[in-house]
Amino acid sequence: MATDKQNEVKVSPLGEKKENSSDGGLGLEILQIIKESQQQHGLRHGDYQRYRGYCSRRLRRLRKTLGFKMGNRHKFIGKKITAEMLSDSRYLLMVLMEAERAWSYAMQLKQEANTEPRKRFHLLSRLRKAAKHSEKLEKLCESPRVDAKTKLEAQAYTAYLTGMVEFELQEWKRAMEAFNKCKTIYEKLASAFTEEVAVLYRQRVEEISPNIRYCAYNIGDQNAINDLMQMRLTGGGGGMMAEKLEALITQARTKQAATMSEVEWRGRTVPVKIDKARVFLLGLADNEAAVAQASNEDTKEHLYETLMAECRDTIQAVREELKSEKQRERSSDPESGKVSNLQYLHSYLTYIKLCTLVKRNESMAHTLHGKLKEPAADENKRGPRPQDLIRLYDIILQSLAELSTLQGLEDDHTFQKEVSLKTLVYKAYRCFFIAQSYVLVKKWSEALVLYERVLKYAKEVQSKAKTLNNSLKDLPDVQELIAEVSAEKYSLQAAAILGERRSGSSPLCNRLDTFCLDPTLVGKKPSLVPFPPEFQPIPCKPLFFDLALNHVAFPPLDEKVEQKGKGGLTGYIKGIFGFGS
C-alpha cells in the first residue's frame, strides 16, 4: 500500500503534475500552463493588466493552499522556496507565477511607455525581476526530484526571459545567444513528443524567430533584413516585435530615399522633396509585391490596411506643404492654368490611395462571391449575402468617381476613358448582385430586367475595350460575367414558371381545375382555403348634408318672447318663493 501511495500521480486542470515516484520525479508543463493562462485571462486581447491580476490571485491561492504564509497581517516575513521543500509541484508553480506576474507588468508598462517614456525604466526593472524568478525556477528544477522534461522547459523559459531583457537593453549578441538557446531546446522537445504536444513548442519557436533575425541584423547581418520583411508581410513578428520591424523597415527605406529626387507619372516628371513621400513611394513596389504574394486573405487584408494607412499619412504631409505653398503664392503671380508640381504629387498619391481601396474591395468581393456559391455548412450561422457585395461595389464606384475629378488629369482623355471603362465593369457587377438579391425574394421580373442591364454594360465594355487594350488586364473578366448571367437567366425563367405552378402559391379552392401533386395537402398545415379571408370592398355609409337649411325662412317668435317678459316684479317675487311653479 505504501508503494502504491508513493507512485500516485495527480494532474491539476492547469497541467501541473504531482508525482512522488522514485524514478520519475515532479513534473510541471511550464509552456502549456503559461499559454493556457495567457489565452484565458486577457492576452487574447492584449490585456496585460488583467493577466497580471490573475497571476496575483493564483499566487495567493497557492500560498494559502500550501500553507506558505509570508508573515501575518502585522508583519511581513520573507520566505524562500528551497529544494528540500519540493514535495509538491505547486511550489514550482508558485515561482512560475511570480515570473509571469513580473513579465506581464513589464509588457503593460511597454504599452504605456509609448506615451510616457519614463516608464521604460520601470519596464526594465520588471523584466529583470521576471528573469530573476525564472533563474530561481531553473535552479529549483536542478533537484533530482524534478523530471528531465521540466528541467529542459525551465531552461528554455529562463533563456527566453533573459533574451527579452537583453533585447530591451539592445545587447544584440547576448540576446541572440539566449534566444537561440531557447529555440534549440524547444525544437528538441518538439521532436521528442507527439504532434499534439509538439504544436506548442513549434509555436514558441515561430514567435522568437523574428527576434533572432532582428538581433542578427543589428549585429551586422545585412541579409536578415529580407527575412524580417518577409516575416512582417506574412503576419509574423507580432507583439513587441511589430513596432520594431516597422521602425526598422522605415529606417532602411529612409536611407535609400536620400537618393530619390523625382517620380514620373502619366508622362510628367515631378520632383519629390518631402521625405515622408520619398519613403512611401520607395516602398510602394515592395508593398504591392507583398500583396500579390500573400498566402491568405487575412494577410492580404492586413497589407492593404497598412498600405492605405501609410498613404493617408503621406497625403496629409503633402497637403500641409501644399497649404503653405498656396500662402506663399498669394503675394506672387503664379502661372495660370497649370497645376503645380506639389499639387500633381498630391493627385498621384490620392490616385494610389483610391486604386488601393478599389483593389482591396475587389479582393473582398471576390472572396465573398466564392463563399456565396458554396453551400452553407451551418444553417444557424449567417453566411454572405448579395447585399454585402453590393455595398463593396458601391464603395468601388465612389472611388472611381473621385479618380475622375483629380486635379491635373481633367484633360487627360486616355485616363478619363480608362476610369469610365472601369466604372462600366463594376457597374455591371453591382447590377448583377442587385439582381441576385431580387432572386432571393422571388421577384423574377425585376431580376430579369437587371440581368438584361448587366449584359448591356458588359457588351459596352467589350466594344470600348478594343481601343484600350491594356486597361482590362487588372479588371474582372466580363466574359465570365456574361456566361454566368446567361446561365442565371435560364434558371430564373424556369424558376418563374415553376413558381406560377407551385402549389404553395395559392390555396386548393382556387386551383380545383388544375392537377398538381401537392405533398403539403397531406401535411399538418394544408392550404385549402385562404385564411383569414381577404378583405372585400363594400359601399360606405352615406353622409347627409342639410343643404336646404340656408334657404328656409323660420316663423317669427316675437309673441312668445313678449309673453315671457310680462310677469314684472310680481312674477319675479313669485318665482323666488316658488308660488308660480
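About the cut-offs
Residues numbered from 1 in each chain as written. Predicted model: local features only at pLDDT ≥ 70, side-chain atom pairs only at ≥ 80, totals over all residues. Heavy atoms only, no water. Helix = DSSP H or I, 4+ residues; strand = E, 2+ residues; numbered from the N terminus. Buried < 20%, exposed > 50% of the residue type's maximum accessible area, 1.4 Å probe, protein only. Contact = heavy atoms within 4.5 Å. Expected span 1.5 Å × (residues − 1). Bend = angle between axes of the 7 residues up to and from the residue. Patch = residues over 30% accessible without salt bridge, like charges linked within 9 Å, V, L, I, M, F, W, Y side chains within 5 Å. Areas by Shrake-Rupley, 256 points an atom, 1.4 Å probe, with all protein chains shown as cover. Salt bridge = Lys/Arg side-chain N within 4 Å of Asp/Glu carboxyl O. Lys, Arg positive; Asp, Glu negative; His and termini not counted. Charge placed at Lys NZ, Arg CZ, Asp CG, Glu CD. Core = buried A, V, L, I, M, F, W, Y, C linked by side-chain atoms within 4.5 Å. Domains from an automatic or database assignment. Axes fitted to C-alpha atoms, helices over the stretch in contact; angles between N-to-C directions. Parallel < 35°, antiparallel > 145°, perpendicular 65-115°, else oblique. Left-handed = near helix turned anticlockwise from the far one by under 90°. Nonpolar A, V, L, I, M, F, W, Y, C, P; charged D, E, K, R; others polar. Phe/Tyr/Trp six-rings, centres within 6.5 Å; stacked < 30°, edge-to-face > 60°. Pairing = 2+ DSSP bridges.

An unreviewed UniProt entry lists the chain under the name Signal recognition particle subunit SRP68, with Takifugu rubripes given as the organism.

**Q** Just checking my understanding: could you explain the overall build of the chain for this structure?
**A** Each helix and strand in the chain was counted, giving 19 helices and 5 strands. Residue burial in the chain is summarised as follows: out of 581 residues, 39% are buried. Considering only contacts in the chain between residues 6 or more positions apart, those separated by 24 or more positions represent 64%.

**Q** Looking at this structure, I do not really get helix H11 (residues 275-292). What am I missing?
**A** Along an α-helix, residues three or four positions apart point the same way, because every turn accommodates 3.6 residues. Counted at 1.5 Å a residue, the expected span for H11 with its 18 residues is 26 Å, and the 27 Å between its end C-alpha atoms agrees. Of all the bends in H11, the largest measures some 40 degrees and sits at Leu284. Within H11, the full set of buried residues consists of Ala277, Arg278, Val279, Phe280, Leu281, Gly283, Leu284, Asn287, Ala290 and Val291.

**Q** Would you take a moment to explain a positive patch on the surface for this structure?
**A** On the surface, Arg50, Arg57, Arg60 and Arg61 cluster together into a positively charged patch. Overall, the relative accessible area of 38% leaves Arg57 in the partly exposed class.

**Q** Whenever I open this one, a nonpolar patch on the surface confuses me. Can you help?
**A** Residues Leu528, Val529 and Phe531 make up a contiguous nonpolar surface patch of about 360 Å² in total accessible area. With respect to the secondary-structure elements, Leu528 resides in the loop between helix H17 (478-501) and helix H18 (558-564).

**Q** I'm lost on helix H8 (residues 195-219) in this one. Help?
**A** Helix length check: H8, at 25 residues, gives a terminal C-alpha distance of 35 Å against a target of 36 Å (1.5 Å per residue), a fit within 8%. Of all the bends in H8, the greatest reaches close to 30 degrees and is centred on Ile208; the proline Pro210 follows between one and four positions later. Phi for Gly220, located one or two positions after H8, is positive at around 140 degrees.

**Q** Sorry, what's going on with the nonpolar core here?
**A** A general trend in soluble globular proteins is that nonpolar side chains are found buried together. Among the nonpolar cores identified, the biggest contains 64 residues, and Leu281 and Leu345 are the most heavily contacted of them. Elements represented by at least two residues in this core include exactly strand E4 (262-265), H11, helix H12 (297-329), helix H13 (341-373), helix H14 (386-403), helix H15 (413-440), helix H16 (444-464) and H17. Sorting elements by how many residues they give to this core places H15 first, with 13 residues. When residues of this core are sorted by domain, at least three fall in each of domain 1 (260-326 + 340-373 + 384-399) and domain 2 (400-499).

**Q** Help me understand the environment of Ala99 in this model?
**A** Considering the arrangement of structural elements, one finds Ala99 in helix H4 (residues 90-112). Ala99 gets classed as buried once you look at its relative accessible area, which sits at 1%. Placed 31 residues apart in sequence, Ala99 and Ala130 show a C-alpha to C-alpha distance of 4.3 Å. Beyond its immediate chain neighbours, meaning those up to four positions away, Ala99 contacts Ala130, His133, Ser134, Tyr157 and Leu161.

**Q** Just to check I follow, could you spell out the packing of H4 against helix H6 (residues 148-168) for this structure?
**A** Helix-helix packing is described using two parameters, namely the angle between the two axes and the distance between the axes. Look at H4 against H6: their axes get within 13 Å of each other, and the N-to-C directions meet at 25 degrees. The orientation of H4 relative to H6 falls into the category roughly parallel. Read as a crossing pair, H4 and H6 show a hand that is left-handed. Packed against H4, whose contacting residues are Leu96, Ala99, Glu100, Trp103, Met107 and Lys110, the element H6 presents Tyr157, Leu161, Met164 and Glu168 at the interface. Per-class residue counts for the contact of H4 with H6 are 7 nonpolar, no polar and 3 charged.

**Q** I'm lost on the packing of aromatic side chains in this one. Help?
**A** For any pair of aromatic rings, geometry is given as the distance between the ring centres together with the angle between the planes. For the coordinates displayed, the defined rule picks out 18 aromatic pairs. Judged by centre distance (5.4 Å) and plane angle (85 degrees), the rings of Phe167 and Trp172 are edge-to-face. Considered together, Phe167 and Trp172 belong to a single accessibility category, that of buried residues. Residues Trp265 and Tyr351 carry aromatic rings whose centres are separated by 5.1 Å and whose planes lie at 40 degrees to one another, so their mutual orientation is tilted.

**Q** Is there a simple way to explain the pairing of strand E5 (residues 268-271) in this structure?
**A** What you see with E5 is a clean split: Arg268 and Val270 sit on the buried side and Thr269 and Pro271 on the side with no burial. Note: E4 against E5, 4 bridges, orientation antiparallel. Pairing of Glu262 across the sheet is with Pro271, part of E5. Hairpin remark: E4 followed by E5, antiparallel, with 2 residues in the connecting loop; positive phi at Arg266, about 55 degrees.

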